[in-house]
Amino acid sequence: MSIWSYANPRKFLDTTGPWVPWLMWLSAAVLAVGLVWGFFFTPEAERFGSSVKIIYLHVPSALMAINAWLMMLVASLIWLIRRHHVSALAARAAAPVGMVMTLIALVTGAIWGQPMWGTWWAWDPRLTSFLILFLFYLGYIALWTAIPDPDQAADLTSVLCLVGSVFALMSRYAVNFWNQGLHQGASLSLDKQENVADVFWVPLLVCMAGFVLLFVALVLLRTGTEIRLRRIRALRARARRAETVPA
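Residues numbered from 1 in each chain as written. Predicted model: local features only at pLDDT ≥ 70, side-chain atom pairs only at ≥ 80, totals over all residues. Heavy atoms only, no water.

Asker: If you had to explain helix H3 (residues 55-82) to someone new, which residues and values would you point to?
Answerer: Taking 1.5 Å of rise per residue, 28 residues should cover 40 Å, and H3 covers 39 Å from first to last C-alpha, within 8% of that figure. Arg-83 sits one or two positions beyond H3 and adopts a positive phi of about 60°. (Helix = DSSP H or I, 4+ residues; strand = E, 2+ residues; numbered from the N terminus. Expected span 1.5 Å × (residues − 1).)

Right under this line is the structure:
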């Protein structure tokens, strides 16, 4: 069976609908385990004290903020190339979730930065690129809302998504591009020497898994909602046209 068969709205709803409640419960359970483990059963860090525990919210939310936009990029490219409405609606559904993830990353970063750096905000390369990414999320959502024609809105938001992807990548690799700024390097890396200590690393992985599951569940739920809303708008438009046809 081809993956493109799921571009059929009915098949998408029938396939994903039963999974959403299970994913919601699973994400809640994994997040509860990770957050309780991280906040209450890990020691204070030598240099950072208890403030290090903000990573259990900051790192997973930052990870999902970037990857949500990249998921929107893939969905937008599918729309531009193959004109599958489900992909455009999936990108639209992911945007508010990604925006909230970005906001959580910015707020938790500020909470971390105040005691560590002595300031709530600095025009650090990674912080600035994250702020721009947040503004792109706002612009993407606003553009969808402002354009009444859904296909035209999908076209323009897909182009905006392509442009915003530059800042999504910059948010991830800004520290590597510019050897300056207050933000430290990655907390997790393929290079074991760059990872945080295992006592913090394992619960952090659990929290990241919980955020991924939550993102998938919310996107599937919201995509289903967008498909139904699109169908309702189509039926209403058809009814208005029928009313205007003379008897």
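Asker: How would you sum up the environment of Ile-66? Please name residues and give values.
Answerer: In this structure, Ile-66 sits in helix H3. Between the alpha carbons of Ile-66 and Met-99 there is a distance of 9.8 Å; along the sequence they are 33 residues apart.

Asker: Give a detailed account of the side chain of Thr-108, specifying residues and quantitative values.
Answerer: Relative to the helices and strands, Thr-108 resides in helix H4 (residues 85-117). In this structure, Thr-108 is in contact with Ile-54, Leu-57, His-58 and Ser-61, ignoring residues within four places of it in sequence. (Contact = heavy atoms within 4.5 Å.)

Asker: Residues and numbers for the nonpolar core, please.
Answerer: Judged by nonpolar contacts, the single largest core of 35 residues is most densely connected at Trp-69, Met-72, Phe-130, Tyr-137, Tyr-140 and Phe-215. Where this core is concerned, the elements lending two or more residues are H3, H4, helix H5 (125-146), helix H6 (150-177) and helix H7 (198-244). Looking at which element gives the most residues to this core, the answer is H3, with 10 residues. Among residues more than four places away in sequence, those in contact with Met-72 are Ala-91, Ala-94, Ala-95, Tyr-137, Tyr-140 and Cys-161. By size, the runner-up hydrophobic cluster in this structure holds 10 residues, among which are Val-52, Ile-54, Trp-112 and Met-208. (Core = buried A, V, L, I, M, F, W, Y, C linked by side-chain atoms within 4.5 Å. Buried < 20%, exposed > 50% of the residue type's maximum accessible area, 1.4 Å probe, protein only.)

Asker: Any chance you could break down the packing of aromatic side chains for me, citing the residues and the numbers?
Answerer: This model, assessed by the stated rule, comprises four aromatic pairs. Where Trp-69 meets Phe-136, the ring centres are 6.1 Å apart and the plane angle is 75°; that geometry is what we call edge-to-face. Here Trp-69 is found in helix H3, whereas its partner Phe-136 is found in helix H5, with 67 residues between them in sequence. Between the aromatic rings of Trp-69 and Tyr-137, the centroid separation amounts to 4.9 Å while the plane-to-plane angle is 85°, which identifies the pairing as edge-to-face. Of this pair, Trp-69 sits in helix H3 while Tyr-137 sits in helix H5, placing them 68 residues apart in sequence. Using a relative accessible area of 0% as the deciding quantity, one classes Tyr-137 as buried. Taken together, Trp-69, Phe-136, Tyr-137 and Tyr-140 form an aromatic cluster joined through their ring pairs. (Phe/Tyr/Trp six-rings, centres within 6.5 Å; stacked < 30°, edge-to-face > 60°.)

Asker: How would you summarise the pattern of salt bridges if you had to cite specific residues and measurements?
Answerer: Evaluation of the coordinates by the stated rule reveals four salt bridges. Among the salt bridges present, the one from Arg-83 reaches Asp-155, with a minimum N-O distance of 2.8 Å. With Arg-83 in the loop between H3 and H4 and Asp-155 in helix H6, this pair connects stretches of sequence that are 72 residues apart. Of the residues examined, Arg-83 reaches a relative accessible area of 37% and is grouped as partly exposed. Glu-226 is the partner of Arg-222 in a salt bridge, and the nearest nitrogen-oxygen pair spans 3.8 Å. Here Arg-222 pairs with Glu-226, and both are found in helix H7, just four residues apart, close to one helical turn. With relative accessibility at 28%, the residue Arg-222 sits in the partly exposed group. (Salt bridge = Lys/Arg side-chain N within 4 Å of Asp/Glu carboxyl O.)

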